[in-house]
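Coordinate inspection notes
What follows is the residue order along each chain.
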Amino acid sequence: MIGAGVGGLVAAIELAARGQEVTVCERAPAPGGKMREVEVGPARLDAGPTVFTMRWIFEDIFASAGASLTDRLAMQPVEILARHAWEDGTRLDLFADQARSADAIADFAGAAEGRRFHAFCAEARHIYETLERPFICAPRPGNPLGLIARMGASGVPGLMRIRPYSNLWSVLAKRFSDPRLRQLFARYSTYCGSSPLQAPATLMLIAHVEQQGVWLIEGGMHRLALALAELAQGLGATIRYGAEVAEVLVDRGRASGVRLATGECLPARTLVFNGDPAALPTGLLGPALRRALAGAGLASRSMSALTWNLVARAEGFPLVRHSVFFSDDYTAEFDHIFREGRVPAKPTVYVCAQDRDDRGNWPTGAPERLLCLVNAPPNGDRHPYSATEVEECAQRTFTLLNRCGLKLHWEPEASLITTPADFAALFPGTGGALYGPASHGWKASFDRPGSRTKVPGLYLAGGSVHPGAGVPMAALSGRLAASCILEDLAST
């Protein structure tokens with residue numbers, strides 16, 4: 001396994017549980033990949049994914065390895081999914097309970113919008129149920145015909161009703177009259193680093209995923225990565241931290257091992273690359289793969305981010321675990337990122353208050369751990385992000401928070417800033433993109449690479465491959481890679 005991200009760890013668990021000898025090489029000092037943890041003074045903060053959904057996937061992974069997720073992690077379900085705020089002072093909470101959300105929306109924007117929300121949720125559920133078995137949990141179909149073949153004749157009418165050819169923004173304009181609600185639900189496209197103006201309306205299914213349950217992991221999301229690593233090691237897998245892979249070795253056209261940055265060579269009959277596949281044809285893992293995978297470029301990159309990990313005092317706004325502060329020009333935000341390649345002039349800001357629960361419980365005035373994030377272009381490999389540019393973005397970001405009522409106070413040593421250039425260095429081949437290729441257009445999901453590559457013995461896992469970005473999808477990619485490996489081993 002090259003990389004101890006979620007996909008690589010899950011593949012290691014699946015294979016080790018079935019008797020395979022597994023070694024994981026990870027250049028970082030800890031597992032998790034993008035599910036990383038950083039130090040800000042004496043505090044440790046999540047600096048990657050902050051939302052845990054589709055818990056059943058991880059329960060099944062642990063159970064199939066003879067373990068229990070709840071024995072390894074303490075989790076609490078949330079009631080308030082997120083608190084949303086606008087510059088005009090209005091606020092709206094969404095709840096795990098659909099009826100409570102509908103009532104809140106009715107109070108916020110009128111009874112008709114509350115009824116429209118129920119219809120929206122029904123459509124989101126239909127999309128999810130249509131795609132779960134034949135697409136989300138299955139190997140990449142390759143093209144729409146492959147998906148139709150899996151669904152059978154009885155499933156084709158449902159497939160036609162999931163609106164793959166309409167973009168999310170245009171469909172939301174027909175679903176809701178209040179522009180603030182369109183803005184709110186358009187955020188689902190950003191969960192996979194995409195613009196709602198170009199992403200397919202099928203991403204509405206995220207609404208149903210959230211209503212299935214969102215949990216808070218005691219100790220933070222990085223604890224999930226640690227639990228996966230401990231499970232893999234308990235099954236006999238070896239994890240080598242600080243072991244950077246410099247080259248994938250190919251012998252007679254087949255992957256045959258890796259060469260570490262130290263010069264050490266590790267032979268292997270099978271490799272799983274748990275990184276961004278864009279790194280392979282560009283030669284970042286050696287000339288053999290560059291030649292073998294020439295022309296295997298990916299679609300346009302998904303968004304990056306500019307983040308502030310802070311230990312700060314918050315006042316004036318009732319933060320909950322997840323809070324979103326909207327700008328007053330939402331579409332311009334995505335034009336700036338994807339068309340102009342610059343940080344938005346008026347960014348929307350996400351704040352994760354890591355010491356609060358979903359109801360906002362935290363001693364008033366006490367310093368707390370915060371992750372503040374704005375979306376940014378994935379150009380970190382060609383744009384250095386000067387101190388002046390970062391400071392200008394910070395001024396726009398925290399000015400918006402102030403206008404929405406949130407005032408943050410911290411000392412310079414109690415902060416850590418991460419730019420797209422930093423993300424590009426952390427995750428080679430991405431340019432800072434955090435979600436693999438952008439989900440733009442109806443073909444995007446079919447264009448993601450699958451588990452197998454053109455190089456025999458080399459497989460892929462991670463959020464950049466099928467079925468897509470996000471912690472649960474990365475886990476499924478690891479399961480799919482392991483399944484393909486076991487199937488290919490059996491066939492030989």
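Here, the structure is the one placed above.
1. What about the packing of helix H8 (residues 168-175) against helix H9 (residues 179-186)?
Interaxial distance between H8 and H9 falls to 9 Å at its minimum, and their mutual angle equals 140°. By the angle between their axes, H8 is oblique relative to H9. Where H8 crosses over H9, the handedness of that crossing is right-handed. Together, Leu 168, Trp 169, Leu 172 and Ala 173 of H8 and Arg 182, Gln 183, Phe 185 and Ala 186 of H9 make up the contact between the two elements. A per-class count over the contact of H8 with H9 returns 6 nonpolar, 1 polar and 1 charged.

2. Details of the environment of Pro 267
When you line up the elements, Pro 267 lands in strand E12 (residues 265-267). Separated by 221 residues in sequence, Pro 267 and Asp 488 have C-alpha atoms that sit 19 Å apart. With residues near it in sequence (within four places) discarded, Pro 267 still touches Ser 256 and Gly 257.

3. Description of the environment of Gly 470
Structurally, the position occupied by Gly 470 is in the loop between strand E20 (458-460) and helix H17 (471-491). The sequence separation of Gly 470 and Cys 192 amounts to 278 residues, and the corresponding C-alpha distance is 7.0 Å.

4. A short note on the sheet that holds E12
Strand order in this open sheet of 3 strands is E10-E11-E12, and the pairing throughout is antiparallel. In the strand order of this sheet, the two ends are held by strand E10 (245-251) and E12, each with one partner. Ignoring which end each strand starts from, the neighbouring axes of this sheet average 30° apart. Relative to E12, strand E11 (residues 254-260) runs antiparallel, the two being bridged by 3 bridges. Paired with Val 258 across the bridge in E12 is Leu 266.

5. What about the layout of surface pockets?
In this structure, the second largest pocket spans a volume of roughly 460 Å³. Every residue lining the second largest pocket is counted, 19 residues in all, and those nearest its centre are Glu 21, Val 22, Thr 23, Ala 268 and Thr 270. For the lining of the second largest pocket, the secondary-structure elements that each account for two or more residues are strand E1 (23-26), E12, strand E13 (271-273) and H17. A per-class count over the lining of the second largest pocket returns 13 nonpolar, 3 polar and 3 charged.

The rules we used
Residues numbered from 1 in each chain as written. Predicted model: local features only at pLDDT ≥ 70, side-chain atom pairs only at ≥ 80, totals over all residues. Heavy atoms only, no water. Axes fitted to C-alpha atoms, helices over the stretch in contact; angles between N-to-C directions. Helix = DSSP H or I, 4+ residues; strand = E, 2+ residues; numbered from the N terminus. Parallel < 35°, antiparallel > 145°, perpendicular 65-115°, else oblique. Left-handed = near helix turned anticlockwise from the far one by under 90°. Contact = heavy atoms within 4.5 Å. Nonpolar A, V, L, I, M, F, W, Y, C, P; charged D, E, K, R; others polar. Pairing = 2+ DSSP bridges. 1 Å grid on protein atoms, 1.4 Å probe; cavity = no way out; pocket = protein on both sides within 12 Å on 5 of 7 lines; lining within 4 Å. Points joined across faces, edges and corners; volume = space filled by probe spheres on them.

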